[in-house]
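Observations on the three-dimensional arrangement
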Amino acid sequence: MCRKLASLVLASLAATSWCGPAVKTTQASNLVIPEITATVELPKPSAPSEDLGPFTSGPKPIVVDDATKRKLMNLADAYQKVAHDNYGLILRTLQLPMDRPSKPVKIVVTYSYNGVAATTGAGFGAGPRTPVIEVSAKYALAHPNDLGMIVHEMTHVVQSYPTYDPVWLVEGIADYVRWFFYEPVGKRPRPNPDRATARDSYQTTGAFLYWASCHYDLDLVVKLSKAFQANAYKEDLFKEFTGRTLNQLNEEWLASLRKVPAKA
């Protein structure tokens, strides 16, 4: 897209502080949503150990009371709803067919995972398996309002790229979908230019991709995603799609961030 056309599009969207691929919030009539289930995996009861007196050691077993179980079950239900309700938004953002075939998706809230959330079985060299999104039960209880992470993980399910390389860009695309098309405008990240680079992954790369899309090619992320799906990504695509190298785009982006104070 030429700069003049991009400028006209951006000017028309300036009042809403939004730019990027056209994404409707209503579900398309031909949308095929995969079967999505959400369960809670509680810790297994610990086996009685031999009493070694004062020398007994080891981690204490996790005991989950009824109130905590209910909270986890409610969170699992919320995750399932967010995944279901925003599947179409993800497809639209990446401009994929609404009726594309998809496998069932399992969301598991578990104490056996200690990160935030992770997706397995959704491509990235993993082979033909059922996608599973693991959410840390401890994180879920501590951050009950973080539903956007499910949009991020469902984007990985949709991506299903043959490889997970470069990681920073794969994760950046997922956060681009989350932070600039799902989350409220007021929550959008704006990185500190003194510490950020386009290759920082997650929110930072998502913010960079949004800026580059707004300034050079509204379908930049769509084109990059399709290149990943065809196992044809290369860094030179940034130059092909925008007329600027990745390093040049990075410097322009950081310069634009310095014009406005970063969020505290």
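The rules we used
- Residues numbered from 1 in each chain as written.
- Predicted model: local features only at pLDDT ≥ 70, side-chain atom pairs only at ≥ 80, totals over all residues.
- Heavy atoms only, no water.
- pLDDT = per-residue confidence, 0-100.
- Contact = heavy atoms within 4.5 Å.
- Core = buried A, V, L, I, M, F, W, Y, C linked by side-chain atoms within 4.5 Å.
- Buried < 20%, exposed > 50% of the residue type's maximum accessible area, 1.4 Å probe, protein only.
- Helix = DSSP H or I, 4+ residues; strand = E, 2+ residues; numbered from the N terminus.
- Phe/Tyr/Trp six-rings, centres within 6.5 Å; stacked < 30°, edge-to-face > 60°.
- Pairing = 2+ DSSP bridges.
- Axes fitted to C-alpha atoms, helices over the stretch in contact; angles between N-to-C directions.

A residue-level look at the protein finds 81% of positions with pLDDT of 70 or above and a mean pLDDT of 87. The model gives residues 1-16 a pLDDT under 50, and that stretch makes 14 contacts with residues more than four places away or in other chains.

On to the nonpolar core. Among the nonpolar cores identified, the biggest contains 69 residues, and Tyr79, Val135, Ile150, Met154, Phe208, Leu209 and Phe238 are the most heavily contacted of them. It is helix H6 (residues 167-182) that contributes the most residues to this core, nine residues altogether. If near-sequence neighbours (up to four positions away) are discounted, Val135 is found in contact with Tyr79, Ile107, Val108, Val109, Thr110, Tyr113, Val116, Ala117, Ala140, Met149 and Ile150.

Applying the stated criterion to the full structure yields eight aromatic pairs. Between the aromatic rings of Phe208 and Trp253, the centroid separation amounts to 5.5 Å while the plane-to-plane angle is 70°, which identifies the pairing as edge-to-face. Taken as a pair, Phe208 in helix H7 (residues 202-215) and Trp253 in helix H10 (residues 246-258) lie far apart in primary sequence, 45 residues in all. Both residues of the pair, Phe208 and Trp253, count as buried. By the ring-pair criterion, three or more aromatic residues cluster together here, those being Tyr176, Phe180, Phe181 and Tyr210.

We now examine the sheet that holds strand E1 (residues 36-41). Taken in spatial order, the four strands line up as E1-E2-E4-E3 in an open sheet, and their pairing is mixed. The outermost strands of the open sheet, each flanked by one partner alone, are E1 and strand E3 (117-120). Strand-to-strand twist of the sheet, defined as the mean angle between neighbouring strand axes without regard to direction, takes the value 20°. Taken strand by strand, helix H2 (residues 66-85) contacts E1, strand E2 (105-110) and strand E4 (132-136), and its axis lies near 160° from that of E1.

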